[in-house]
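This is what each chain is made of:
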Amino acid sequence: MIRPEIACPSPDRFRPKGAAEVLLRAVCVAAACLSSVDLAQAADTPRQPRTAIAAGPRDLFEDVTLGAGIDFVHQFCHRRIANIVLSNGSGGAVLDYDGDGWMDIYLVNWGPLEGVTAPGYCAEREPNRLYRNRGDGTFEEVTRKAGLAGAGYSSAVTVGDYDNDGHPDIYI
């Protein structure tokens with residue numbers, strides 16, 4: 001088992017301010033978590049999907065995605081994280097795509113990519129998904145209606161008003 005030594009600066013010797021402090025603390029926590037992972041075993045063992053964990057009476061959060069109408073499933077299309085491209089995960093953006101004042105959700109999907117993902121792990125690419133916020137705590141899937149299903153390999157998305165017309169532009 002690989003256990004790297006973690007050396008985080010002590011507050012007495014180094015005291016970053018603001019975002020630098022938050023980033024430093026996050027890196028130290030991540031490094032501490034990774035130090036308990038058997039990296040040699042993890043590289044050879046395919047990840048299995050986890051079963052849902054039932055909410056307990058003292059839990060503060062609950063998974064409400066399906067009840068809210070969000071049924072997106074990211075296609076990993078590989079047996080393990082084998083290269084830097086596979087380490088990213090899928091991307092998403094929050095935007096008001098229809099200008100109704102409610103924030104909508106756009107999620108991008110990898111799908112199979114020749115030379116990167118493992119052949120045979122995904123039969124057909126699932127589309128990217130746009131969920132329109134109905135304003136009542138639920139979302140409606142409007143991907144095809146909006147013309148945003150996408151094709152190919154999508155790993156990140158950003159939104160901004162690129163052409164300065166007052167409407168959000170999506171860059172995948």
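These numbers come from a predicted model, not from an experiment.

Student: Hey, could you run me through the pairing of strand β3 (residues 129-133) in this one?
Tutor: Across a regular strand the side chains alternate sides, sitting on one face of the sheet and then on the other. Along β3, four of the five residues are buried, which leaves the element largely enclosed by surrounding structure. By the bridge criterion, three bridges tie strand β2 (residues 104-107) to β3 in an arrangement that is antiparallel. Within β3, the residue paired with Ile-105 across the bridge is Tyr-131. Pairing geometry for β3 and strand β4 (residues 139-141), over three bridges, is antiparallel. Bridge pairing in β4 links Tyr-131 to Glu-141. Counting the residues between successive antiparallel strands, the hairpin from β3 to β4 contains five residues, one of them, Gly-135, with a positive phi of roughly 85°.

Student: Even after reading the chapter, I still don't get the pairing of strand β1 (residues 92-95), so can you show me in this structure?
Tutor: In β1, alternate side chains face the same way, and those of Ala-93 and Leu-95 are buried while those of Gly-92 and Val-94 on the opposite face are not. Of the strand pairs in this sheet, β1 and β2 are connected by four bridges, and their pairing is antiparallel. Bridge assignment links Leu-95 to a residue of β2, and that residue is Asp-104.

Student: It is not clear to me how the pattern of salt bridges should be interpreted in this structure. Could you clarify?
Tutor: Using the criterion set out here, one finds four salt bridges in the structure. Across the salt bridge formed by Asp-100 and Arg-132, the nearest N and O atoms sit 3.7 Å from each other. Linking Asp-100 in the loop between β1 and β2 with Arg-132 in strand β3, this pair joins segments that are 32 residues apart in sequence. Residue Asp-100 is classed as partly exposed on the basis of its relative accessible area of 30%. The exposure class of Arg-132 is partly exposed, given its relative accessible area of 24%. Close ionic contact of Arg-129 with Glu-126 constitutes a salt bridge, the shortest N to O distance being 3.2 Å.

Student: Which parts of the structure should I look at to understand unusual backbone geometry?
Tutor: Most peptide bonds take the trans configuration, and most residues that are not glycine carry a negative phi. Phi is positive for Asn-164, close to 55°, though the residue is something other than glycine. Note that Asn-164 resides in the loop between β5 (158-160) and β6 (169-171). Judged by its relative accessible area of 68%, Asn-164 is exposed.

Student: Can you help me understand the nonpolar core in this one?
Tutor: Note that soluble globular proteins tend to have their nonpolar side chains buried in a common cluster. Core analysis: the largest hydrophobic core is formed by seven residues, namely Ala-93, Leu-95, Tyr-106, Val-108, Leu-130, Val-142 and Val-157. If sequence neighbours within four positions are ignored, Leu-95 has contacts with Trp-102, Met-103, Asp-104, Tyr-106, Val-159, Pro-168 and Ile-170. Listed in part, the six residues of the second largest apolar core include Ala-68, Ile-70, Leu-107 and Tyr-131.

Student: I'm lost on the side chain of Asn-128 in this one. Help?
Tutor: Tracing the backbone shows Asn-128 in the loop between β2 and β3. Classification of Asn-128 as buried rests on a relative accessible area of 0%. Polar contacts involving the side chain of Asn-128 include one to the main-chain amide nitrogen of Asn-109, which spans 2.8 Å. With sequence-adjacent residues up to four places away left out, Asn-128 is seen in contact with Tyr-106, Leu-107, Val-108, Asn-109, Thr-143, Leu-148, Ala-149, Gly-150, Ser-154 and Ile-172.

Student: Just checking my understanding: could you explain the sheet that holds β2 for this structure?
Tutor: Strands belonging to one sheet form pairs held by backbone hydrogen bonds; the direction of such a pair is parallel or antiparallel. Across the sheet, four strands lie side by side as β1-β2-β3-β4; this open sheet has antiparallel pairing. In this open sheet, the two edge strands, each paired with only one partner strand, are β1 and β4. The mean inter-strand angle of the sheet, taken between neighbouring strand axes irrespective of direction, is 20°.

Student: Whenever I open this one, the confidence of the model for the protein chain confuses me. Can you help?
Tutor: Note that predicted coordinates carrying low pLDDT should not be read in detail. Model confidence for the protein chain is summarised by a mean pLDDT of 74, while 69% of its residues fall at 70 or above. Here helix α2 (residues 39-44) stands out as the element of the protein chain with the lowest mean pLDDT, 44, in contrast to β4, whose mean of 96 is the highest. The low-confidence segment residues 1-16, where pLDDT is below 50, has 20 contacts with residues more than four positions distant or belonging to other chains. Considering only residues more than four positions removed or in separate chains, one finds that residues 32-44, a stretch of pLDDT under 50, has 12 contacts.

Cut-offs and rules
Residues numbered from 1 in each chain as written. Predicted model: local features only at pLDDT ≥ 70, side-chain atom pairs only at ≥ 80, totals over all residues. Heavy atoms only, no water. Buried < 20%, exposed > 50% of the residue type's maximum accessible area, 1.4 Å probe, protein only. Helix = DSSP H or I, 4+ residues; strand = E, 2+ residues; numbered from the N terminus. Pairing = 2+ DSSP bridges. Salt bridge = Lys/Arg side-chain N within 4 Å of Asp/Glu carboxyl O. Core = buried A, V, L, I, M, F, W, Y, C linked by side-chain atoms within 4.5 Å. Contact = heavy atoms within 4.5 Å. Polar contact = N/O pair within 3.5 Å; in protein donor to acceptor, adjacent residues only side chain to side chain. Axes fitted to C-alpha atoms, helices over the stretch in contact; angles between N-to-C directions. pLDDT = per-residue confidence, 0-100.

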